Amino acid sequence: MVARLVPLLAALQRIAWLLFVALLLGVGCKNEGDNIFLSSSSPPGGGGNGEPPAGSDDISRQSPLPGVVLELVSLGGASGEDGTFQVGDLPVVTFTLTRDDGSDLPLSSFDFANIMISGPTVNYQRVIEAQSDLIERSIRNEDGTYTYTFEVPIPATYLAPLGDTDAFGPSDGERKGQPLAAGTYTLGIEMYREYFVEGEGFRDVGNLTHDFLFGGATTLQPREVFTAANCNTCHTELRAHGTIRRDPTLCLLCHTSGAEDPDTESVANGTPGVSIDFRVMIHKIHNGGHLPSVLGVGTRADGTRDYEREPQPYRVIGFRDSLHDYSDVLYPKFPNFSYNMPRDEGYSSLDGDEQDLEDVMLTGVTDCVGCHGDPDGDGPLPAPAQGNLAYSQPTARACGSCHDDIDWARPYTANNQTMPPQSNDSQCVTCHPAAGNTLSALDGHLHPLLDPTIDPGLRFEVVSVQEAGTNDGDGTLDVGESLSVTFNLVDSLGNAADPGLVNRIEMAVYGPSQNPQLLNFLRPPLSILGSGPPYQTNVPQLLQLELIGTATATPNEVFQTSRAPLWDSRGAATTVRVRTGTGPAATFLSADASSFQNYIDVDDGSQFEDDDYIVIDDGNGSKEIMRIQWVDGDRLWFSTIDSTSHKPWLLRDHSTNATVDEITLSTVSSGDYSLNEASGQIQEVNPFPDGDVIATYTTDFVVPTLYPPPLNDSPDLGEVSGEWAGKLLIPGTYTVALWGRYNVSLDLFGETNSYNVPVHNGHIAFVGGDGEVEPRQVITSGETCAGCHGYITFHGGGRGGFDTCIVCHGAAGGEDLAPYESQSDEHRTPGVTIDFRTMLHSIHHGAELFDPTSYEVVGFGNNPHTYEEVHFPSFPLGTGDCRSCHGAENTAWTEPSDRNHPFEPGTPVLDWTSVCTTCHNSPSAKAHATVQTSPDGNESCAVCHGPGKEQSVEVVHRAR
């Protein structure tokens, strides 16, 4: 019964998502004679051209939509002697319709079609409103083309904009009732045919726009300030108004100057006076959460800022009279998403609340290039032909859409400059040229971290990784061997960069590619940027609280570390301690404790405190020194793989009833001993106190025999999450990566702006054991992230880019903030993994989760985050469009990879459950996953959802 309910549940979820998509960007285009709200139950057209009436076809779940190829053959009917259209002309449109495979597609089979004209392109006004008779009035010609003749002639004056009231007028570009000006005008057609997949309707859509000359104009001036490719870097395939608008130029034909939301008579809770002029609406939608009006910021009569206004939510009436609130929209592009623009003069004198408001506004959208520039950088797509108009033609409408604290009837003062009241756009360019000063649209919106004169864009380039230390010279990295890495540090242009700029470096080793585990994580000393370029270093590793001997009265004793060399001369100091005391009371283990365990359970934890040193199994060969990070009742927690202050886990097994004693460790002065770095010998110069000698030191990393525990390890996750802790290393592809951080400081307008900036990740794959390099490619490239996010920067600016994120968040079993790190219940998220296969799905699906507030992650700075406001912007399926993140040609998402250890199988990994239930997280969906998992942990998901199956992931996630 449960299995039968799942397809129905999936269908209902898809329908809900399609409804959301239809509502998200469909904004008020309601007017007399406009059938934009035609529903799937509305009577179809047909019959006017001798063809049979329309009929909606059923297609199989495995089949894509046939496709609509709508192409213009000719536009006739112009009466001007120069070939241009004139007032009174009846345009004649001839077009073809085919499917994607080239086969004929009868117009009569369509359920809806509209045709319209707006212009001129320099300032769109409505000319002929949408005509809904395209299907009925079109004549099929002998050659298979169709010809439509407008029944409505080109008028002498412009129509009123949509939703027209007195709220807007000529100063907003509105030209209703004025004579049509000579220029370039645009014909638009939109149509769809509906198909059904198991009762679920999908619209196969055709859009067409075509520019033509009117009134004696001699040169076509297409409007291309942005392109569909710019939109689709985030939206994949932009769809609006019930999915039928996909060509953004069509949007311009209704979202003209002066266009408004419907009035209160047509829509309850209406928003009169809200502009749906495209240049206003789109800016506001994408910047909603940063708008001064939304935050309660305005301008006083003297031009200074007023931080005590009543916040005004930004709401728009959308498709089918639905009300949308965009007040929480945060544009996802970095660096703005993490770093504010430079602060205005006087910021430091504001109170805390006012500074908070400024910070939110200063992290708003300034990435004009993302929409108006080249959509794919060095890729094949061209930049918008008129993208520079965004900078060279400033207007109150466009600029005031984001800077909506400006009152154009009042002065506006910032940074000791005052703009007087502005009655129109004529003087804008006088102070705001395209480029050249801080008031220009281009320079004024350039984030400092995108300015190469401020931020050189440092990155590591890893040249090679080779065997080092004791090795067999076979060219592969084997257990017990060290890794020698050669790399360069360059700027964004590929030139050698100054290593003195870098103030932190991090390095990690992880693998294998089929189920990465974090083998080593360390911040090496900056001395690895020594002589060079290129730079060469062995990968370091920190070993803590190692028992290296016992000091006695014998003079000049020598103590030996288990590993060498020691890295003292390279800036990683060795610390030597001697045990000088033992606590008065002892307790015992209340349960067995195994190696790689990062906690112990004791009979009585009350006698211990955080940061106490303890000895376990004192007096026998299993003796081990540890430092408590957190006393959690009778559980004593240690730490995690990246800790530099606490030994992360036990190295030996300890049995129940083993002794646990608090001890005192005294640090030995470096002048009391000598170090032989090459051999790892530590020799007394002055006598040590009698007692155990313990060393913490940095040495060369060696490939281990067993996998260590994951990041932030606890018992909350285990083998079912893919952890291989304590299992034998397997041959495969491993990676060494290094990245870092530097600081950029900018003094501007009397304020200091300091930014931590990542050094871009450098990495190289290598073979561990036998085999060939097979990099992990679950996501084809970090460029899929960059489409929406640009260069991702997190963790206070210390880490940037997908290749850095995947080091920790691609490793199996990594957990959210560890209990021993938070040391309280307030920010505890037990069982929450930071593995991207779970975390990224849940974050991006945030608002669509069954309970959006239930998914919480404790991020940088111990700050908890929920993601109920996150709407994934890809159309038509949102997070169901797996290709939008994984890559158009990538198939890794169609079936989770097998992450069970090949040589030491244990509890089976829940590969399907860990991925699929991150989005499909309703109780019934989770119950279904549980029912389909056998008592011994084996999943049967592939029986129905595997490749080639009727309910395969590829079929269920097919975009139509």
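Residues numbered from 1 in each chain as written. Predicted model: local features only at pLDDT ≥ 70, side-chain atom pairs only at ≥ 80, totals over all residues. Heavy atoms only, no water.

A.B. asks: Account for the overall build of the chain, naming residues and giving values.
C.D. replies: For the chain, the count of helices and strands is 21 helices and 38 strands. In summary, the chain has a C-alpha radius of gyration of 33 Å against a globular reference of 30 Å for 960 residues, a match within 12%. Taking the principal axes of the C-alpha coordinates as reference, the chain spans close to 115 × 70 × 50 Å. When burial is assessed residue by residue, the chain has 53% of its 960 residues classed as buried. For the chain, the proportion of contacts with a sequence separation of at least 24, taken over those separated by at least 6, is 70%. Accessible surface for the chain amounts to roughly 40,400 Å². Of this, 52% is attributable to carbon and sulfur atoms. (Helix = DSSP H or I, 4+ residues; strand = E, 2+ residues; numbered from the N terminus. Rg over C-alpha atoms; globule rule 2.2 N^0.38 Å. Buried < 20%, exposed > 50% of the residue type's maximum accessible area, 1.4 Å probe, protein only. Contact = heavy atoms within 4.5 Å. Areas by Shrake-Rupley, 256 points an atom, 1.4 Å probe, with all protein chains shown as cover.)

A.B. asks: Help me get a handle on helix H3 (residues 228-235), residues and values and all.
C.D. replies: When H3 is considered as a whole, its buried residues turn out to be Asn-230, Cys-231, Cys-234 and His-235. Viewed end-on, H3 has its buried residues packed into an arc of 120°, placing them on one side of the element. Contacts from the buried residues of H3 go to helix H4 (248-254), helix H5 (278-286), helix H8 (368-372) and helix H13 (783-789). Backbone geometry just after H3 places Thr-236 at a positive phi near 65°. (Arc of directions from axis to C-beta.)

A.B. asks: Mind laying out the environment of Arg-577, listing which residues take part and the relevant values?
C.D. replies: Position of Arg-577 among the secondary structure elements: in strand E23 (residues 575-588). Considering only alpha carbons, one finds Arg-577 and Pro-91, 486 residues apart in sequence, at a separation of 92 Å. Ignoring sequence-local partners within four residues, the contact set of Arg-577 consists of Leu-545, Tyr-613, Leu-665, Ser-666, Thr-667, Val-668, Asp-692, Val-693, Ile-694 and Thr-696.

A.B. asks: Residues and numbers for the nonpolar core, please.
C.D. replies: Of all hydrophobic cores here, the largest spans 39 residues; its most connected members are Leu-483, Phe-487 and Val-736. When residues of this core are traced back to their parent elements, those giving at least two are strand E16 (459-468), strand E17 (482-490), strand E18 (502-511), strand E33 (732-748) and strand E34 (751-768). In contact with Leu-483, not counting residues within four places along its chain, are Val-465, Gln-466, Ala-468, Leu-477, Val-509, Thr-537, Asn-538, Val-539, Phe-701, Val-703, Val-736 and Phe-766. If you look at the next biggest cluster of nonpolar residues, it comprises 34 residues, including Val-93, Tyr-148, Tyr-158 and Tyr-195. (Core = buried A, V, L, I, M, F, W, Y, C linked by side-chain atoms within 4.5 Å.)

A.B. asks: How would you sum up empty space enclosed by the protein? Please name residues and give values.
C.D. replies: Unfilled space is identified by rolling a water-sized probe across the atoms. Considering all chains together, one arrives at three cavities of 30 Å³ or more under this definition. Within this model, the largest cavity holds a volume of roughly 60 Å³. Lining of the largest cavity is provided by Ser-714, Asp-716, Glu-815, Asp-816, Leu-817, Ala-818, Pro-819, Arg-828, Thr-829, Pro-830 and Val-832. Tallied by class, the residues present in the lining of the largest cavity amount to five nonpolar, two polar and four charged. (1 Å grid on protein atoms, 1.4 Å probe; cavity = no way out; pocket = protein on both sides within 12 Å on 5 of 7 lines; lining within 4 Å. Points joined across faces, edges and corners; volume = space filled by probe spheres on them. Nonpolar A, V, L, I, M, F, W, Y, C, P; charged D, E, K, R; others polar.)

A.B. asks: Run through the sheet that holds strand E27 (residues 630-632), naming residues and quoting values.
C.D. replies: Read from one edge of the open sheet, three strands run E24-E28-E27, paired in antiparallel fashion. In this open sheet, the two edge strands, each paired with only one partner strand, are strand E24 (599-601) and E27. Neighbour to neighbour, the strand axes of the sheet diverge by 15° on average, direction disregarded. Sheet topology note: the E24/strand E28 (residues 635-637) ladder contains three bridges and is antiparallel. Bridging across to E28, Ile-600 finds its partner in Leu-636. (Pairing = 2+ DSSP bridges. Axes fitted to C-alpha atoms, helices over the stretch in contact; angles between N-to-C directions.)

A.B. asks: Describe the side chain of Thr-184, listing the residues and the values that go with them.
C.D. replies: Its place among the elements puts Thr-184 in strand E8 (residues 183-197). In this structure Thr-184 comes out as buried when scored by relative accessible area, which is 1%. In terms of polar contacts, Thr-184 uses its side chain to reach the backbone amide nitrogen of Gln-221, at 2.8 Å. If we skip the residues at most four places from it in the chain, Thr-184 touches Gly-119, Pro-120, Thr-121, Asp-211, Phe-212, Leu-213, Thr-219, Leu-220 and Gln-221. (Polar contact = N/O pair within 3.5 Å; in protein donor to acceptor, adjacent residues only side chain to side chain.)

A.B. asks: Before we move on, could you go through the environment of Asp-353 and cite the residues and values that matter?
C.D. replies: Among the structural elements, Asp-353 can be located in helix H7 (residues 352-362). Considering only alpha carbons, one finds Asp-353 and Tyr-307, 46 residues apart in sequence, at a separation of 8.9 Å.

A.B. asks: Please give an account of the packing of aromatic side chains that cites residues and values.
C.D. replies: Across all of its chains, the model carries 22 aromatic pairs by this definition. Relative to Phe-766, the ring of Tyr-734 lies with its centre 6.2 Å away and its plane at 25°, an arrangement referred to as stacked. Placement of the pair is Tyr-734 in strand E33 and Phe-766 in strand E34, with a sequence separation of 32 residues. In this structure, Tyr-734 and Phe-766 share a single accessibility class: buried. Three or more aromatic residues joined by ring pairs form one cluster here, namely Phe-85, Tyr-185, Phe-212 and Phe-214. In this arrangement the basic side chain of Arg-570 is found over the ring face of Trp-567, its NZ or CZ atom lying 3.9 Å from the centre. (Phe/Tyr/Trp six-rings, centres within 6.5 Å; stacked < 30°, edge-to-face > 60°. Lys NZ or Arg CZ within 6 Å of the ring centre and 35° of its normal.)

A.B. asks: Describe helix H14 (residues 802-809), listing the residues and the values that go with them.
C.D. replies: Within H14, seven of the eight residues are buried, which leaves it mostly tucked inside the rest of the structure. Taken together, the buried positions of H14 are occupied by Phe-802, Thr-804, Cys-805, Ile-806, Val-807, Cys-808 and His-809.

A.B. asks: With reference to specific residues and values, describe unusual backbone geometry.
C.D. replies: The omega torsion of the bond from Pro-533 to Pro-534 falls at -10°, within 30 degrees of zero and hence cis. Looking at the element boundaries, Pro-534 is found in the loop between strand E19 (517-522) and strand E20 (535-538). With an omega dihedral of 5°, the bond running from Phe-875 to Pro-876 counts as a cis peptide bond. Residue position: Pro-876 is located in the loop between strand E38 (863-866) and helix H17 (883-886). In this structure, Asn-416 is a non-glycine residue whose phi angle is positive, near 65°. Along the chain, Asn-416 falls in the loop between strand E14 (412-414) and strand E15 (417-419). Positioned with a positive phi, Asp-617 is a non-glycine residue whose angle comes to about 60°. Here Asp-617 lies in the loop between strand E25 (613-616) and strand E26 (624-627).

A.B. asks: Can you tell me about a negative patch on the surface, naming the residues and giving the values?
C.D. replies: Taken together, Glu-308, Asp-351, Asp-353 and Asp-356 make up a surface patch of like negative charges. Tracing the backbone shows Glu-308 in the loop between strand E11 (305-306) and strand E12 (315-317). (Patch = residues over 30% accessible without salt bridge, like charges linked within 9 Å, V, L, I, M, F, W, Y side chains within 5 Å. Salt bridge = Lys/Arg side-chain N within 4 Å of Asp/Glu carboxyl O. Lys, Arg positive; Asp, Glu negative; His and termini not counted. Charge placed at Lys NZ, Arg CZ, Asp CG, Glu CD.)

A.B. asks: Please set out the pattern of salt bridges residue by residue, giving values where relevant.
C.D. replies: Counted by the stated rule, this structure contains 30 salt bridges. Between Asp-164 and Lys-176 there is a salt bridge, and its shortest N-O distance comes to 2.4 Å. Highlighted residues: Asp-164 in the loop between strand E7 (146-149) and E8 and Lys-176 in the loop between E7 and E8, separated in sequence by twelve residues. Judged by relative accessible area, which is 38%, Lys-176 ranks as partly exposed. Of the charged contacts in the structure, one is a salt bridge between Asp-835 and Arg-837, with a shortest N-O distance of 3.2 Å. Summarising the burial analysis for this pair, Asp-835 and Arg-837 share the class buried.

A.B. asks: An account of the sheet that holds strand E29 (residues 659-667) is needed here, citing residue identities and associated values.
C.D. replies: Within a sheet, adjacent strands bond to each other through the backbone by hydrogen bonds, running parallel or antiparallel. The strand order E21-E32-E23-E29-E25-E26 describes an open sheet built from six strands, whose pairing is antiparallel. The outermost strands of the open sheet, each flanked by one partner alone, are strand E21 (540-551) and E26. Averaged over all pairs of adjacent strands, the angle between their axes in this sheet comes to 35°, without regard to strand direction. Here E21 runs beside strand E32 (residues 691-700); their pairing, made up of nine bridges, is antiparallel.

A.B. asks: Could you give me a rundown of a nonpolar patch on the surface, with the residues and numbers involved?
C.D. replies: A cluster of nonpolar side chains, Leu-330, Phe-337 and Phe-794, forms an exposed patch at the surface whose accessible area comes to about 280 Å². Following the sequence through the fold, Phe-794 ends up in strand E35 (residues 793-794). On the basis of relative accessible area, Phe-794 is assigned to the partly exposed category, the value being 41%.

A.B. asks: Could you give an account of the environment of Asn-388, with specific residues and numbers?
C.D. replies: Looking at the element boundaries, Asn-388 is found in the loop between H8 and helix H9 (389-392). Accessibility expressed as a relative area gives 58% for Asn-388, which makes it exposed.

A.B. asks: Hey, could you go over the side chain of Asp-204 for me, with residue numbers and the actual values?
C.D. replies: With respect to the element layout, Asp-204 can be found in strand E9 (residues 200-214). No salt bridge is formed by the buried Asp-204; the nearest opposite charge belongs to Arg-246, separated by 5.7 Å. Excluding its chain neighbours within four sequence positions, the residues that come into contact with Asp-204 are Leu-65, Pro-66, Gly-67, Val-68, Phe-110, Met-191, Tyr-192, Arg-193 and Tyr-195.

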